[in-house]
Amino acid sequence: MEGANKKFDKYEFRERILGMKKKIAVLSCGWSYDFLTEFIGGIKRAVDGKDTDIYVFNCYNYVEYNGYINNSGFSIYNLIHYEDYDGIIILSDLIQNARVLEKERQKILAAGKPAISINLAMKDISCLKVDNYTGAYELITHLIKDHGVTEFAWIGGKENSIDIAERYKAYRTALSDNNIPLNVENVHTIPTSSYNDAYEYLFNAMKARATKPQAVVCANDYVALAVMKIAEERGAKVPEDLKVIGYGDTIWGKTVVPAITTVRSNAEQIGFEAANRVLNPTGETQMLKIKSSALYRASCGCEYKVPNGGKSYALQIVDDLNQKEKFNNQIEQLTETFMEATDVFSLLTNLEGLFQKSHLFEGPDFCIFLKADWSSVLINTEEKLPQNLSYGEQVQAIASIQNDKKYPCEILNVRELVPSKMITEGSNVFLFMPIYNHSYVHGYYVCKNTLSFLNSNFGYVWTRTFGNSIERFRKRNMFKQMSMRK
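Residues numbered from 1 in each chain as written. Predicted model: local features only at pLDDT ≥ 70, side-chain atom pairs only at ≥ 80, totals over all residues. Heavy atoms only, no water.

Participant: Sorry, what's going on with the sheet that holds strand β9 (residues 187-190) here?
Facilitator: Adjacent strands of a sheet pair through backbone hydrogen bonds, lying either parallel or antiparallel. The strand order across the open sheet formed by four strands is β9-β8-β10-β11, and the pairing between neighbours is parallel. Among the strands making up the open sheet, the edge pair consists of β9 and β11 (243-245). Across the sheet, the mean angle from the axis of one strand to that of its neighbour is 15°, orientation sign disregarded. Of the strand pairs in this sheet, strand β8 (residues 152-157) and β9 are connected by four bridges, and their pairing is parallel. (Pairing = 2+ DSSP bridges. Helix = DSSP H or I, 4+ residues; strand = E, 2+ residues; numbered from the N terminus. Axes fitted to C-alpha atoms, helices over the stretch in contact; angles between N-to-C directions.)

Participant: Just checking my understanding: could you explain the environment of R415 for this structure?
Facilitator: With respect to the element layout, R415 can be found in the loop between β18 (411-413) and β19 (429-437). As for R415 and V395, which are separated by 20 residues in sequence, their C-alpha atoms are 9.9 Å apart. Those residues in contact with R415, other than ones at most four positions away along the chain, are H81, E83 and D84. Among the polar contacts made by the side chain of R415, one reaches the side chain of E83 at a distance of 3.2 Å. (Contact = heavy atoms within 4.5 Å. Polar contact = N/O pair within 3.5 Å; in protein donor to acceptor, adjacent residues only side chain to side chain.)

Participant: Quick question: what am I supposed to make of helix α10 (residues 267-279) here?
Facilitator: For the α-helix, the turn length of 3.6 residues means that residues three or four positions removed from each other point alike. With 13 residues, α10 should reach 18 Å at 1.5 Å per residue; the first-to-last C-alpha distance of 19 Å fits that figure. For α10, a buried count of ten out of 13 residues is recorded, marking the element as mostly surrounded by other parts of the structure. Residues A267, I270, G271, F272, E273, A274, A275, N276, V278 and L279 constitute the buried set of α10. (Expected span 1.5 Å × (residues − 1). Buried < 20%, exposed > 50% of the residue type's maximum accessible area, 1.4 Å probe, protein only.)

Participant: Is there a simple way to explain the state of the cysteines in this structure?
Facilitator: As used in these notes, a disulfide is a covalent bond between sulfur atoms, one from each of two cysteines. Enumeration according to the criterion identifies zero disulfides in this entry. Not part of a disulfide, C29 finds its nearest cysteine sulfur in C59, a span of 4.6 Å. For C29, a relative accessible area of 1% translates into the label buried. Its sulfur unpaired, C127 is 18 Å from the next cysteine sulfur, which belongs to C29. (Disulfide = S-S within 2.5 Å.)

Participant: Would you explain the confidence of the model for the chain in this entry?
Facilitator: Atom-level detail of predicted coordinates should not be read off regions where pLDDT is low. When the pLDDT values of the chain are averaged, the result is 88; 91% of them are 70 or greater. For the stretch residues 1-8, pLDDT sits under 50, and the model shows zero contacts to residues farther than four places along the chain or on other chains. (pLDDT = per-residue confidence, 0-100.)

Participant: Looking at this structure, how should I read unusual backbone geometry?
Facilitator: Note the cis peptide between V238 and P239, where omega equals 10°. Along the chain, P239 falls in the loop between α8 (221-233) and β11. The peptide bond linking V257 to P258 adopts the cis configuration, its omega dihedral lying at -5°. Within the secondary structure layout, P258 lies in the loop between α9 (251-255) and β12 (262-264). In this structure, D124 takes a positive phi of about 70° despite not being glycine. Tracing the sequence through the fold places D124 in the loop between β6 (115-118) and β7 (126-130).

Participant: Explain the packing of helix α5 (residues 132-147) against helix α6 (residues 162-177) here, please?
Facilitator: Between two packed helices, the angle of one axis relative to the other and the distance separating the axes together describe the packing. For the pair α5 and α6, the least separation of the axes is 8 Å and the interaxial angle reads 35°. Read as a crossing pair, α5 and α6 show a hand that is right-handed. Contacts from N132, Y133, A136, Y137, I140, T141 and I144 of α5 reach α6 at D163, E166, R167, K169, A170, Y171, T173, A174, L175 and D177. (Left-handed = near helix turned anticlockwise from the far one by under 90°.)

Participant: Would you take a moment to explain the packing of aromatic side chains for this structure?
Facilitator: Working definition: an aromatic ring pair is given by the centre-to-centre distance plus the angle between the planes. Per the stated rule, a full pass over the model turns up 32 aromatic pairs. Seen from their ring centres, Y391 and Y444 are 5.9 Å apart, and the 75° between their planes marks the pair as edge-to-face. Of this pair, Y391 sits in the loop between α13 (374-378) and β16 (394-402) while Y444 sits in strand β20 (residues 440-448), and the two are 53 residues apart along the sequence. Y444 shares its class with Y391; the two are buried. Among the aromatic residues, those joined into a cluster by ring pairs are Y55, F57, Y85, F369, Y391, F430, F432 and Y444. The ring of Y247 has R167 lying over it, and the distance from NZ or CZ to the ring centre is 3.7 Å. Looking at K371, its charged tip hangs above the ring of Y440, at a distance of 4.3 Å from the centre. (Phe/Tyr/Trp six-rings, centres within 6.5 Å; stacked < 30°, edge-to-face > 60°. Lys NZ or Arg CZ within 6 Å of the ring centre and 35° of its normal.)

Set out below in structure tokens:
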């Protein structure tokens, strides 16, 4: 009888808390982690003191080594029942998948809940746009008017991104408005707007003796860093010999010498406005835009004083590098845990032990849920699992840590999403990520008030490692059974 009362009290508490609270669902794709973490920070500011929880459903679409585009991560959105939320924010431009966006749009409209799309117009849904144009146009005009630059180059990735398209449009328009012809030979397109792709491309381009402009306009700060690195290696000085501008106002751009002239997208303010508008809907579809800000620094030749926080920025970079090393060690331990397990029981025991002992990146409050039939999947002897992007009706916790302490594992109805003990008063952020391999979903990870996995794409490596480890364990078990039969 006492146990029954405890169970009743637990669910009564959950219903009491949920009955008072509001909930916002955020659909994201985590590659743009600088923007995303600031954006969520803005949402948190908007709901501060309003007893509103933020549910962030995040994934990583990517290309497999064999060239296959893997969009199975979007299955995390299958967890969402939009009628359970008071507002929905969808980071449409980061998701970049028309089929997925249309599917979610129809579900959102059917639920009749207020929603807002970020940076990409969706029919019958309000849109809040990032102004990628104004700040970039202002900086290029500044180079022409104040620094006398007439010879430009542009470098950016092939991403199908509204952000980069608008920055490039600002580049072309600013040149045209100032009667400077566009030199197509100095428009450089790289696979992605990343440091590595930009560095490799520029290294080869410099060897091929590409034309040398007075200024390079970069799609983001990471590309700008690669340009500055190549310039240094070739003996060119920035900004004396080459002026460089970026976009994004990253911590690296603030601390490199010379500091990068760039544009701040004001992601935090965009998140704040988005949350306010879904929680206080007007009832009509709106199209709004938040202006970006030009930041004049030393890489374009302007005088620039290191801000008071310069030292703390540098220390944060050192800390980030240290965190990456620790994360790599933790991933190694996760892989070894799967490799050393001899059967399903020992695997479950070892995983529990691993996460009880070490969960620096998973956070102090998290659960790892696998589908209710996960143990039978692990002993499945089919060469390839059938496609299955559903989470079923129930999931089983294989690791449950709250307040840094291990809790008994439990079975949860999928629609509940998080254990009752994680539902507390105040405004909290819950981050969800899928655990999957190829086109088969195994389960999901959820944490409370920790966004570590959004930094440096840790979440991509973690979820992919977990999913791949499950599949390797299954195949190893399959080969073991086949050998025993022989």
